[in-house]
Amino acid sequence: MKAVVFHQHGAPDVLKYIDAPDPVIRANEVLVRVKACALNHLDLWVRRGMPNVPIPLPHIPGSDIAGEIAQIGSEVTTVSAGQKVVLAPLVSCGKCAACAAGIDNRCRQATNLGYMIDGGCAEFVRCPEVNCLAYPENLSWEEAASVPLVFQTAWHMLVTRAELQPGEDVLVLGAGSGVGSAAIQVAKFFGARVIATAGSDEKLQKAKELGADHLINHKSQKIRDEVRRITNKRGVDVVFEHVGTATWEDSLASMAPSGRLVTCGATTGYDAKVDLRFLFSRQLSLLGSYMGTKAELHTVMKLVAAGRLKPIVDRIFPLAEAAAAHAYLESGAQFGKVVLRI
Ligand SMILES: [Zn+2]
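Reading the values: the criteria
Residues numbered from 1 in each chain as written. Predicted model: local features only at pLDDT ≥ 70, side-chain atom pairs only at ≥ 80, totals over all residues. Heavy atoms only, no water. Helix = DSSP H or I, 4+ residues; strand = E, 2+ residues; numbered from the N terminus. Rg over C-alpha atoms; globule rule 2.2 N^0.38 Å. Contact = heavy atoms within 4.5 Å. Areas by Shrake-Rupley, 256 points an atom, 1.4 Å probe, with all protein chains shown as cover. Lys, Arg positive; Asp, Glu negative; His and termini not counted. Charge placed at Lys NZ, Arg CZ, Asp CG, Glu CD. Donors = N, O, S within 2.8 Å, 3.2 Å for Na, K, Ca; no water. Tetrahedral: all angles 85-135°; square planar, octahedral: opposite > 155°, others 65-115°. Buried < 20%, exposed > 50% of the residue type's maximum accessible area, 1.4 Å probe, protein only. Pairing = 2+ DSSP bridges. Axes fitted to C-alpha atoms, helices over the stretch in contact; angles between N-to-C directions. Patch = residues over 30% accessible without salt bridge, like charges linked within 9 Å, V, L, I, M, F, W, Y side chains within 5 Å. Salt bridge = Lys/Arg side-chain N within 4 Å of Asp/Glu carboxyl O. Polar contact = N/O pair within 3.5 Å; in protein donor to acceptor, adjacent residues only side chain to side chain.

(A) Fine view of the overall build of the protein chain. The number of helices and strands found in the protein chain is 11 helices and 17 strands. Taken over C-alpha atoms, the radius of gyration comes to 20 Å for the protein chain, in line with the 20 Å a tight globule of 342 residues would show. Each of the three principal axes of the protein chain carries a C-alpha extent, and together these read 60 × 40 × 40 Å. Considering only intrachain contacts with a sequence separation of at least 6, the fraction spanning at least 24 residues in the protein chain is 70%. For the protein chain, the accessible surface area stands at approximately 14700 Å², while carbon and sulfur atoms represent 51% of it. Counting 36 positive and 34 negative side-chain charges, the protein chain places the centres of these two groups 4 Å from one another.

(B) Broad picture of the coordination of the zinc ion. Surrounding the zinc ion are the protein donor atoms Cys93 (SG), Cys96 (SG), Cys99 (SG) and Cys107 (SG), which sit 2.3 Å from the metal. Around the zinc ion, the 4 donor atoms sit at angles spanning 105 to 116°, and that spread fits a shape best called tetrahedral. Judged by relative accessible area, Cys93 falls into the partly exposed class, the value being 22%. The exposure class assigned to Cys99 is buried, which follows from its relative accessible area of 15%.

(C) Representation of the environment of Arg26 in the model. Relative to the helices and strands, Arg26 is located in the loop between β2 (16-19) and β3 (29-38). Judged by relative accessible area, Arg26 falls into the exposed class, the value being 53%. Distance from Arg26 to Cys127, taken between C-alpha atoms, is 8.9 Å for residues 101 residues apart in sequence. Ignoring sequence-local partners within four residues, the contact set of Arg26 consists of Gly73 and Arg126.

(D) Just the sheet that holds strand β12 (residues 214-217), in detail. Across the sheet, which stays open at both edges, the 6 strands sit in the order β12-β11-β10-β13-β14-β15 with parallel pairing between neighbours. Each of the sheet's edge strands pairs with one partner strand only, and the pair in question is β12 and β15 (285-288). Geometrically, the sheet is characterised by an average inter-axis angle of 20° between neighbouring strands, direction not taken into account. Taken together, the 4 bridges between strand β11 (residues 193-198) and β12 define a ladder with parallel strand orientation. When the sheet's bridge partners are listed, Ala198 is paired in β12 with Asn217. Sheet strands touched by helix α4 (residues 148-161): β10 (169-172), β13 (236-241), β14 (255-263) and β15. Its angle to β13, the strand with the most contacts, is close to 155°.

(E) Fine view of the pairing of strand β4 (residues 64-72). Looking at chain direction, β3 and β4 are connected through 8 bridges and run antiparallel. Along β4, the bridge assignment pairs Ala36 with Ala66.

(F) Just unusual backbone geometry, in detail. The amide bond that connects Leu57 to the next residue, Pro58, takes the cis arrangement and shows omega of -5°. For Pro58, the location among the structural elements is in the loop between α1 (41-48) and β4. Non-glycine residue Asn232 carries a positive phi angle of around 55°. Positionally, Asn232 belongs in the loop between α7 (223-230) and β13. When its relative accessible area of 67% is taken as the criterion, Asn232 is described as exposed. Backbone geometry places Lys233, a non-glycine residue, at a positive phi of 75°. Relative to the helices and strands, Lys233 resides in the loop between α7 and β13. Looking at Lys233, the relative accessible area reads 61%, which means it is exposed.

(G) Focus on a nonpolar patch on the surface. There is a patch of nonpolar side chains on the surface, built from Val274, Leu276, Phe280 and Leu286 and spanning about 370 Å² of accessible area. Turning to its location among the elements, Leu286 is positioned in strand β15.

(H) Looking closely at the environment of Thr263. Along the chain, Thr263 falls in strand β14. For the pair Thr263 and Cys107, spaced 156 residues apart in the sequence, the C-alpha separation amounts to 19 Å. Not counting residues within four places of it along the chain, the set of residues in contact with Thr263 comprises Met157, Glu241, His242, Leu287, Gly288 and Ser289. Within the local environment of Thr263, its side chain forms a polar contact with the backbone oxygen of Glu241, the two atoms lying 3.4 Å apart.

(I) The arrangement of the pattern of salt bridges in detail. Across all of its chains, the model carries 15 salt bridges by this definition. Put simply, Glu29 and Arg126 hold a salt bridge, and the shortest N to O gap is 2.7 Å. Of this pair, Glu29 sits in strand β3 while Arg126 sits in strand β8 (residues 124-128), and the two are 97 residues apart along the sequence. The partner of Lys310 in a salt bridge is Glu143, and the shortest N-O contact between them spans 3.5 Å. Pair noted here: Lys310 is in the loop between α10 (294-305) and β16 (313-318) and Glu143 is in helix α3 (residues 141-145), with a separation of 167 residues, a long-range link. Its relative accessible area of 43% is what places Lys310 among the partly exposed residues. One salt-bridge network, in which partners are shared between bridges, spans Arg47, Arg48 and Glu330.

If you want it as structure tokens, here you go:
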């Protein structure tokens, strides 16, 4: 099969479009003919390499996959060849206490397609049967591939971790990112008031079209001052973080008393400081979040199929131009998802 493979970590040019062996499925797995694979910041981290994360090389990246089942293993019973599917990115052991409890994102052996195992930047990918999700027929392949990781993550952060309530104020940082554009929609779905930040007025306009109530241009305005002004000095109930070092101080300073900050990433760096006096006296909560459960993803897919949540595709590249797609995602120019078409 054709695949995008890297043999060493580095800049986008380590990504090579070459012939690779077809994946061989196990009894409980399916082989999927990939039609579209959406990129995430995770792909950039995996390609660059991270300390103490030994990515097996050579490696095929890509976590967000939509395609058609080409072949099923001997024990597979719930899907059949020819069926359209979207794949849940998280592959867990299915046997431990966390998996048994349905909180598979806390499985200690869990990884993502395209992270410690090969992913979807290829003509074919293999994955467990349990990762197959119903295909939302109202979406194109590229739109369908754009759903899982960011919507699952945004849902788990806002609904499960931060326990967002109707009428609360939410600050969504980096509204132009895939996870930011998902967070605006999830927060609006739950009846919150959304303040969105982005680095250009063009992105802010798109955030407004997704339902954001107030907009902050973080290049020309100070986030904490604007939040103070918009909320009459109170601050927001929930801060949706994934930016890291660049926004961390503003995020903390934007929290109302008893506010919750929930974070799933650190695209600008992971060094951060917390003033403990501020943390305890204002009774703040700092929450970490990682991916989401398969059950949450099934809920998300139903809402997507019903048109209540909508993936935003910024730009589509052919698989052979994966390196250019990575460079484009790295530039931060996008609003929504960057997707490879296979
Ligand atoms: Zn497990």
